[in-house]
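Each chain is listed here by its residues.
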Amino acid sequence: MNRTWWKEAVIYQIYPRSFMDGNGDGIGDLKGITSRLDYLKYLGIDVIWMSPVYKSPNDDNGYDISDYQEIMEDFGTMEDFDELLSAAHERGIRVVMDLVVNHTSDEHKWFAESRKSKDNAYRDYYIWREGKGADAPPNNWGSCFGGSAWEYDGETGMYYLHLFSKKQPDLNWDNPNVRREVFDMMTWWCEKGIDGFRMDVISMISKTKEMPDGEVNGRYGCFDPYCIHGPNVHAYLQEMNREVLSKYDIMTVGETAGVTTESAKQYAGENAKELNMVFQFEHVSDEGKYGKWTDERMPLTVLKKIMSRWQTELYGKAWNSLFWDNHDQPRAVSRFGDDRPQYRELSAKMLATCLHMMQGTPYIYQGEELGMTNYPFISPDEFRDIESVHAYEEWCGSGLVSHEEFWPCIAARSRDNARTPMQWEDAQEGGFTTGKPWIAVNPNYRQINAKAETKDPSSVFHYYKKLIALRKENPVIVYGKYELLLPDSEELFVYTRTGEGKKLLVVCSFADRQVPFTIPDEFAGASCLIANRGERNCGKQEIVLEPYEAFVLMVD
């Protein structure tokens, strides 16, 4: 197994709009991020990945880009970015950019030209089709944000494809000019000195030529078989690697919806010459009767089966990305742990133990290291996320389901749960801004904030800090082989890691009650690396785990 810096790194994801406001306008910005780099250095992370900071009309919070080589005014200037990059590098922190090239904004100059006429030089930069008839789109596909995936454009009387918002037209990657433009832009950023790319929905860049109706799921047809893992996706990524990625010492991670362990080896195999690693979403893809909108929990046995399959089937063949939450997912402690006051810290530490002891590169989403929770939404008027707004309109506005039935589900899973501002201190607006924040601060900032936690050695923050340090001290945590124990337990997630002359036992209780457990013979008398309820004396093998208890034992 090849050893590289990005396998041994811990990544910290920043959602710039919500991280730190440097100028008091209520919106997080680049100067704000720069002002908090010492906090991140103290935590011990190696890399920051920033969600998009490029110029954008902000229909989808920056994932609709109108200029890839300019900075969104809300976030500052290119000089501010250069200052951030330099300040991060001075502290030994690398900077990874979010690369969004499945689509652009409809305000990008390429699309402005493309829609002018059918013979415009930029026409083929996007995917245009004739409709089936009057007011009838080319097929029945629905977009990820609700409604049709096609938008009629009166200028030329044709439809363009948008798998997301209608203001996010999909690029036509089959056009070599599109690929050249994208590769040139990536090279420009690499020459500026950035340290890698997280690639948004990169498994969607290749579409089939044929675009038939999809299987109906709800009100629209499904585009998955025709737009995910398309016929040329690997050829295009290999070309990207040859033209750009292989020329720099950078890390790459692809957001690959619909990826399996087998296809992950194609995207991120040790010798695939495409990406370093991918994000898989099986463990956060549980659905209920309203699709992703559900307040139900994935059974622990199912969660363990998914996580373990990725651990074992990629071992020695491809590299894992490890995460519980991100800007598109609700808060981890509310989803997988227990955010009630008596259990929040314990379960946050337990979840951190479970993830950070696995094989792969861990990603921490801003505020996760504090145990930040979901927001207590009470009204759809509080949403800022385009997906949540459209989903509420589509389900409740149309009368498909009542507000009372749907509300617990969308409140539990809205992306806005992750996007409330970072809670820095027990001060107005949590210390995020001196102005009015673009989205409300979670009212629990008085109990949960960075200032208090950095001072408290028993806090969630310091637990994360210790986990990060342990990873740097013990190569077995990075490279060791994984084996699941007790696969049928509905309460305990237990596994071992073996390698580098060491063996670890990782024990995590997902239960809010006591659970008996027998420490395996080979770990009798082992040293305790970390524990969220105080160190375990392993001279006694028959023990009772307290609610949300977690500990790690090590033997030579």
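Use the structure listed above.
Since this is a predicted model, take the numbers as computed values, not measurements.

Draft legend 1. Here's a closer look at the overall build of the chain. The helix and strand tally for the chain stands at 19 helices and 22 strands. Taking 24 Å as the expected radius of gyration for a compact globule of 556 residues, we find that the chain reaches 23 Å, a close match to that expectation. Seen along its three principal axes, the alpha-carbon backbone of the chain occupies a region of about 80 × 50 × 45 Å. Per-residue burial for the chain yields a buried fraction of 61% across its 556 residues.

Draft legend 2. Helix H7 (residues 176–192), seen in detail. Here H7 spans 24 Å end to end across 17 residues, near enough to the 24 Å set by a 1.5 Å rise per residue. Residues of H7 that are buried: Val178, Arg179, Val182, Phe183, Met185, Met186, Trp189 and Cys190. Along the axis of H7, the buried positions cluster into a sector of 160 degrees, meaning they face one direction only. Looking at the buried residues of H7, the elements they touch are strand E3 (54–55), strand E4 (67–71), helix H5 (78–90), strand E5 (94–99), strand E9 (196–199) and helix H9 (233–243). Sitting at the head of H7, Asn175 places a side-chain oxygen 2.8 Å from the backbone nitrogen of Asn177. A positive phi of about 110 degrees marks Gly193, the residue just after H7.

Draft legend 3. Representation of the packing of H7 against H9 within the structure. Look at H7 against H9: their axes get within 10 Å of each other, and the N-to-C directions meet at 40 degrees. Considered as vectors, H7 and H9 are oriented oblique to each other. At the point where H7 passes H9, the crossing takes the right-handed sense. Seen from H7, the contacting residues are Arg179, Arg180, Phe183 and Met186; seen from H9, they are Tyr236, Glu239, Met240 and Glu243. Residues of the contact of H7 with H9, tallied by class, amount to four nonpolar, no polar and four charged.

Draft legend 4. Representation of the pattern of salt bridges. Within this structure, the stated rule accounts for 42 salt bridges. Two residues, Asp184 and Arg180, come together in a salt bridge whose shortest N-O distance is 3.0 Å. In this pair, Asp184 and Arg180 both sit in helix H7, four residues apart, roughly one turn of the helix. Owing to a relative accessible area of 44%, Asp184 belongs among the partly exposed residues under this scheme. Arg180 sits in the partly exposed class, given a relative accessible area of 34%. In this structure, the salt-bridge partner of Arg340 is Asp338, at a minimum N-O distance of 2.7 Å. What makes Arg340 partly exposed here is its relative accessible area of 37%. By relative accessible area, which is 7% here, Asp338 ends up buried. Bridged by salt links that share partners, the residues Asp60, Lys292, Asp328, Asp385, Glu387, Arg415 and Arg419 form one connected network.

Quick notes on the rules
- Residues numbered from 1 in each chain as written.
- Predicted model: local features only at pLDDT ≥ 70, side-chain atom pairs only at ≥ 80, totals over all residues.
- Heavy atoms only, no water.
- Helix = DSSP H or I, 4+ residues; strand = E, 2+ residues; numbered from the N terminus.
- Rg over C-alpha atoms; globule rule 2.2 N^0.38 Å.
- Buried < 20%, exposed > 50% of the residue type's maximum accessible area, 1.4 Å probe, protein only.
- Expected span 1.5 Å × (residues − 1).
- Arc of directions from axis to C-beta.
- Contact = heavy atoms within 4.5 Å.
- Polar contact = N/O pair within 3.5 Å; in protein donor to acceptor, adjacent residues only side chain to side chain.
- Axes fitted to C-alpha atoms, helices over the stretch in contact; angles between N-to-C directions.
- Parallel < 35°, antiparallel > 145°, perpendicular 65-115°, else oblique.
- Left-handed = near helix turned anticlockwise from the far one by under 90°.
- Nonpolar A, V, L, I, M, F, W, Y, C, P; charged D, E, K, R; others polar.
- Salt bridge = Lys/Arg side-chain N within 4 Å of Asp/Glu carboxyl O.

The analysis is restricted to geometry; functional conclusions fall outside its scope.
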